[in-house]
Structure formats: C-alpha cells, structure tokens
Amino acid sequence: MPHKDLKAPGAHRREVLLLAGAAGAAGLAGCMSGDDNGNGNGNTSGNGNGNGDDDDVSDDIDDQADVSNREIQPNWISPSASEAQELNPLRINDTTSSARLAPLLDGPYGLDENDEFYGYWFEDYETEDNQTWTFHLRDNLQWGGDYGQMTTEDWVFHVENIAQNEDNWTAHVNQSNWDDVESVTAVDDTTLEVEIADPDPLFVRQPTFWGTYILPKALVEPYFQDYQDGNENAGEELNGSDAVQQLQYTGNLGPYTFESRDIEDRFVAVRNEDYYKRGDDEDWEDAPYFEQYTINILEEESTRLAEFETGGLSSITIPADQVQNYQGEDDYTIVESATPYCSILAYNQRANGWEELRKREVRRALAMAIDKETVANDIYRGFAKPAQTFQPEYSDFYNDDQVEPVGVGDSYNVDEARSLLEENLSDDYSYDGDTLVDADGNQVVLSFVYSNGASLTEDSARYIADALGGLGIDVDSNGVPFNTMLEQYAMVAEDGEPQGIFNDPEAEDPQALSSAREWDLMWGIGFNTYPRSPGSIAAFWTASSGTNFYGYVPEEDLGSMIQEGATATDEEEQQEIFAEVFGILSRDLPVNFIHFQDDIYGYQDEVVFTEDPSPSWGYKQYSWWMTDDPHN
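If you're wondering where the values come from, they're calculated on a predicted model, not measured in any experiment.

## Section: the overall build of the protein
Across its full length, the protein carries 15 helices and 27 strands. Across the 632 residues of the protein, 63% fall into the buried class. Of the roughly 21,900 Å² of accessible surface on the protein, a fraction of 35% belongs to carbon and sulfur atoms.

## Quick word on the side chain of Thr250
Here Thr250 lies in the loop between helix H7 (242-245) and strand S10 (256-262). By relative accessible area, which is 2% here, Thr250 ends up buried. Residues in contact with Thr250, not counting those within four places in the same chain, are Leu104, Leu105, Gln142 and Gly144.

## Some thoughts on the nonpolar core
Grouped together as the largest cluster of nonpolar side chains are 172 residues, with contacts concentrated most on Trp121, Phe209, Phe390, Met522, Trp541, Phe549 and Phe593. If you tally residues by element for this core, the top one is helix H12 (residues 455-469), at seven residues.

## Side note on the sheet that holds strand S13 (residues 315-317)
Pairing is antiparallel in the open sheet, where three strands are placed in the order S13-S25-S14. Strand pairing shows two members of the sheet lacking a second neighbour, S13 and strand S14 (332-337), which therefore form its edges. Each neighbouring strand pair of the sheet contributes to a mean axis angle of 20 degrees, computed without reference to strand direction. Relative to strand S25 (residues 599-604), S14 runs antiparallel, the two sharing six bridges. Along S25, the bridge assignment pairs Val335 with Tyr601.

## Concerning the sheet that holds strand S8 (residues 181-188)
One open sheet accounts for four strands, arranged S6-S7-S9-S8; its pairing is antiparallel. Every interior strand has two partners, whereas the edge strands, strand S6 (122-127) and S8, have only one. The mean angle between the axes of side-by-side strands here comes to 20 degrees, regardless of whether they run parallel or antiparallel. Relative to strand S7 (residues 132-137), S6 is paired through five bridges, and the arrangement is antiparallel. Residue Glu126 lies in a different strand from S7, and its bridge partner there is Thr134.

## Some thoughts on a negative patch on the surface
Taken together, the side chains of Asp396, Glu556, Glu564, Asp570, Glu571, Glu572, Glu573, Glu576 and Glu580 make up a negatively charged region of the molecular surface. Sort the elements by how many residues they give to the negative patch and helix H15 (residues 571-588) lands first, with five residues. Considering the arrangement of structural elements, one finds Asp570 in the loop between helix H14 (558-567) and H15.

## Details of the side chain of His158
Checked against the element boundaries, His158 lands in helix H3 (residues 152-163). Given the relative accessible area of 0%, His158 is considered buried. In this view, His158 contacts Leu90, Ala163, His172, Trp178, Thr212, Tyr213 and Ile214; residues no more than four positions away in its chain are not counted.

## Let's talk about the confidence of the model for the protein
Looking at the protein as a whole, its pLDDT mean stands at 89, while 90% of the residues score no less than 70. When the criterion is pLDDT under 50, residues 8-30 qualifies, and its contacts beyond four places in sequence or with other chains add up to 220 contacts. Confidence over residues 43-54 falls short of pLDDT 50; this stretch has 63 contacts with residues more than four positions distant or in other chains.

## Some thoughts on the pairing of strand S12 (residues 290-297)
Buried residues dominate S12, accounting for six of its eight residues. Pairing geometry for strand S3 (residues 73-80) and S12, over seven bridges, is parallel. Its bridge partner lying in S12, Asn75 is registered against Gln292. Direction of pairing for strand S11 (residues 266-271) relative to S12: antiparallel, over a ladder of five bridges. Bridge pairing in S12 links Phe267 to Ile295.

## Quick notes on the environment of Val480
Within the secondary structure, Val480 sits in strand S20 (residues 474-480). Val480 sits in the buried class, given a relative accessible area of 5%. The spacing of Val480 and Ser451 is 29 residues in sequence and 5.0 Å in space, taken between C-alpha atoms.

## Here we look at empty space enclosed by the protein
Of the voids in this model, the second largest cavity is the one considered here, and its volume is about 60 Å³. What lines the second largest cavity is Trp76, Tyr256, Pro288, Tyr289, Phe290, Tyr293, Gln621, Tyr622 and Trp624. Of the residues contributing to the lining of the second largest cavity, the split by class is eight nonpolar, one polar and no charged.

## Quick look at the packing of helix H9 (residues 360-368) against helix H11 (residues 414-424)
Their axes nearest at 8 Å, the elements H9 and H11 cross at an angle of 160 degrees. The pairing of H9 with H11 is recorded here as roughly antiparallel in orientation. Seen from above, H9 lies across H11 with left-handed handedness. Of H11, the residues touching H9 (which contributes Glu361, Val362, Arg364, Ala365 and Met368) are Val414, Glu416, Ala417, Leu420, Leu421 and Asn424. Across the contact of H9 with H11, the residue classes break down as seven nonpolar, one polar and three charged.

What counts as what
Residues numbered from 1 in each chain as written. Predicted model: local features only at pLDDT ≥ 70, side-chain atom pairs only at ≥ 80, totals over all residues. Heavy atoms only, no water. Helix = DSSP H or I, 4+ residues; strand = E, 2+ residues; numbered from the N terminus. Buried < 20%, exposed > 50% of the residue type's maximum accessible area, 1.4 Å probe, protein only. Areas by Shrake-Rupley, 256 points an atom, 1.4 Å probe, with all protein chains shown as cover. Contact = heavy atoms within 4.5 Å. Core = buried A, V, L, I, M, F, W, Y, C linked by side-chain atoms within 4.5 Å. Pairing = 2+ DSSP bridges. Axes fitted to C-alpha atoms, helices over the stretch in contact; angles between N-to-C directions. Patch = residues over 30% accessible without salt bridge, like charges linked within 9 Å, V, L, I, M, F, W, Y side chains within 5 Å. Salt bridge = Lys/Arg side-chain N within 4 Å of Asp/Glu carboxyl O. Lys, Arg positive; Asp, Glu negative; His and termini not counted. Charge placed at Lys NZ, Arg CZ, Asp CG, Glu CD. pLDDT = per-residue confidence, 0-100. 1 Å grid on protein atoms, 1.4 Å probe; cavity = no way out; pocket = protein on both sides within 12 Å on 5 of 7 lines; lining within 4 Å. Points joined across faces, edges and corners; volume = space filled by probe spheres on them. Nonpolar A, V, L, I, M, F, W, Y, C, P; charged D, E, K, R; others polar. Parallel < 35°, antiparallel > 145°, perpendicular 65-115°, else oblique. Left-handed = near helix turned anticlockwise from the far one by under 90°.

Dropping the structure here:
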C-alpha cells in the first residue's frame, strides 16, 4: 500500500492509508491512518460506502454562495499533528505523509458519493468482460523538470519495473496491489489496456490504479539501469534525489506546486498556474481558489482547536468530545462522515513482542477484558461503533452469522478472560493472587505504544491499559508522535535501523522480523477495510502482506480465499466467501478490532463546498472556495 491503508484515528481520515487529499489521497494513503492530522480535509481513503447517520451533526450546506462572486483567496491552512514520514510516493502508505502529496498530485481518478469513477488524470474507462480494462489518459498532463508529458509509457514502466519488480528495488510498499495485473499495454500515448488474471467487476474500485501515484519514467529509468548494472543502492539513491525529496516532478498534475518545507513546522505549496484540470466545468473553472496551500504542524490538539477558533486554520477534524462546542455556531460549518477505517489494537507477534501473543486464545483473552462499548460510547461520545471484524456492519460482505463477537455484551467478561489466559499461557506463567507472573515470579509487563497528540486516542489508551490491569498485567504505556510510531515501532529494522517497509514479503519467517524498538501492543492506527472492494484487504491479512507489521501468520489460507472472493463474478458467491473470511478474522483476532469512528470536520463558515456530504467527502476538495478570507 502506499494506498491509504493506514490512518491515525481522528486524523482527518486514510490513512491513515493512506491516504492524501481527494482522489490521490484516497488511493495513496488508503492503508493506514491515525488520530493524527486533524486537518479536516476530507476522506483520503475513498472506498467507504458508509450508511450515513440519521442523527449526524452535519450542518446544512445546501445554501451555497453565488459562484459569480468567487475570487482567489490568499491561503488554505490545514493542521497536522506530526511531520510526514515519507515524501516518496512509492513508499507512502499513511495519510499523514500522503496529505503532503495530495495538493500536488491528483492521482488517476477518485470515487464519488456513489462510489463511481470520477476522472482526474484518467478521463474515463471501459470494459466489456471485467478482465480487460481500458483507461484513457488526458493529453494535457505534464511532468515537472524535463520529464515531458505523462503518457501511458510512464504507467507501463511503473507496473513492469517498479510495482511488479521481483526484487522490489525501490522498496515500493504497495506491490501486493498489483498481484492480479497480468499485463499493461500502451495502445497509444493516452490509451492504456490492462489485463487482469480473472474477471473482477470491482476492479475499478480496487486501489490498484485508483490509489496510485507514480514517478516519471524519465526520472526513474537511469536509476533502474544502475540497479540492473549491479548498484544495489540505486533505489535509495532515487529516494534521496532532489527530484523526489523536493517534489520537482509534479508539474501540472495537481492544483498546487511545492514551495517549501520546514521540518516539524510547515509545508507550503502555491497555486499551480498550469493546472491541467482548470476549466473542466464550472466547479473547476479557475481552480484552485487559493494562492497558497499551507500545512502547519501543531502537535497538541488544544493548540489546533484554539488556532481554528481564532481563524488561523481553514479546517480541522473535531474530536468527538468537542463537537458540542461548535454545533449551532454561525462561524463554523460541521460535516460528519462515516469512514471505512477500523481502529485496531495491534498485537506484536514478531520477534520483539510477547511470544504468547502468537496464540489466538491469548489474543482473545485480552480482547475480552476491553469493553468496546465503553470506548465507542463513553470516550468517543457515540461517534464510533464497536467493530467485531475487519468490515463495518453496513457492508454487503458482513454476515452476523459468521462473526464471533468479543468485548461487547456477554463477550466482555474479565473473569472468563482470566480463565482463558490460565488455560492457554505456557507453563512459564501463572497467577499469584490477582497478579499474572512469569517464571521468576515477576509481574508480566506489556509494552504499550500509542500515538499522542489527540485527546481521545490518549483517553482510550489509558482505558485499555487500565482494562488489561484487570487481568493482573502491568502495562507500560508510551505515547509518541504518529510518524515515530510508524518508523520506530512498525517498520522492519535491521541493526536497529528502520528499513522503510512494514513487512518483508520475501521473509521465510515474518515472525522473525523486528522493529527498531520493542513493543507488545499498539494503539492509534486505523486500517482501511475497503467495504466496496474487499479484495483489497489482502494488504493486511496474509503473512507476506505489505502492512503486516504485527507478524500475523494465519492458520488458514486467507490469501487464496480473498483471491477467490475478489474474482467471483456471482455477487452472492462473493458475499459468502468474504463473509467467511471476516468470520475467520473475528475468531483469529490478529489484532483487536475496536471500532469504526466517524470523522467530524469543522470549517470556517466562509468555505463553499462543491459536493454533498458522503463517505467520499473531499473527493473534490480542490474545487472548494471561500467567500472571504477568514485568516485576516
């Protein structure tokens, strides 16, 4: 994934997936996200179908301003709780990092309110048999520097020499998204024909193309040649090049152009005078509608909120426990959006985690001691729903009969959890009274890392630590910035140095891998569950999947089951297969699926939107405008 697979809960959203703004973000960040950004930039994940909330807190945004009064305003200002982990699009799969690229790169296409194709770089597509897909690239796309026009040759080179390169010489984090692509052919400069292994009616909703940023062939090809000539550091040299780190290749491919970056302080982009999409229709007539796009890093949530209230920010993600402070206020517009991101408590089953976590019964015991309804209803004020597996209940692929709940109702039971531990822990462990002790008689201590900077993430982290204390376990909690958590605790490390990847697909034993720092439990990450194209979940739940930083090794062949489900052409059969997969995950608990959180965005009242609230919120973000400058 750089597909918005990871998200810092509360970040936007998408991550994480990470995502990335609108279209591009959706794809890129699409994997992970976290309670991190707080930027209010909308759905960076795409792919959520959501169910809408009958009692949501969204304001009425139908009363839009007269477009004849539309002017270019000085600045759109968003917050971020932490610095970007990466700027190389080949290595991004979190929403915090992808949010920097999103204003500069639109990506091939987005998904609209109805999860339908919305064209950016790709104008449209067609397929007759769901196996051969033809995409049509615009003819006015220009890379920056001397890299020329973006053509289908760029895409063919990317797929053949980067995305599907067996050595993964660029450390591409989303190679698994391309497993089903058999061939890509440049029919001409703007017509790309894609052949996939088996018919897939949902292919256009998969993050294969939808969530992908690429680099120009003319930039990458010399490094690839060096690699073929024996330079094993060619991928690192490409990553460290000015073209990548200074974002010199983005050309007219996004609404803004990179201007400056002050580490841990500010990211600035300026209006792209050659933006390819300008003039597409009335919404994009003179887009973007701001001279500058700024991301200010404000680590503390209270600082972000105060900055928003004094007009220093255009938008923000509002924590659930703060919503009442903004509802009904004329100065702000509130938008609530369901998301496909599942907030998870990760169990480290790798070499530097507690070995007992490799047993599903031990993982279930810990899950039984945590009341998800307390987290969703008390801490997140009802703006979250308990999760039981890696799919929201509104999904067509979720089946109650297959899912085994834990942590709700009768399945929240501390006494039974303790009994389950006693039955399944190795002989080295036992209870001394109410205290779980090891062979030396010392209390079991679990290392618990979580992302800081968001009060609800921190509140829920404290609750989780207290809940596990009910099992006689001492929890050593450590709050760190989201990007630090990814780099130091999630990424594969060698000799203590993070390697820029979350898993090594070629590793003979993924549980032998480790990260730079030890940990047992991790909180503050959301995973994209892809409820419209669940075949994409292969990015998480196989031993070799790119996101598997927790060392999960399923006993059943989930990879084959997911593949079978993704290529089933009969809808009922597809639903049955994925329902079985999600049932297995609910029993295996590779992580503790805690909840699905709604995103609540706040905007200055001057903001005028060009789309309706939906789980795809933000897919047209760069056509939004303001009636006046709220920052002066």
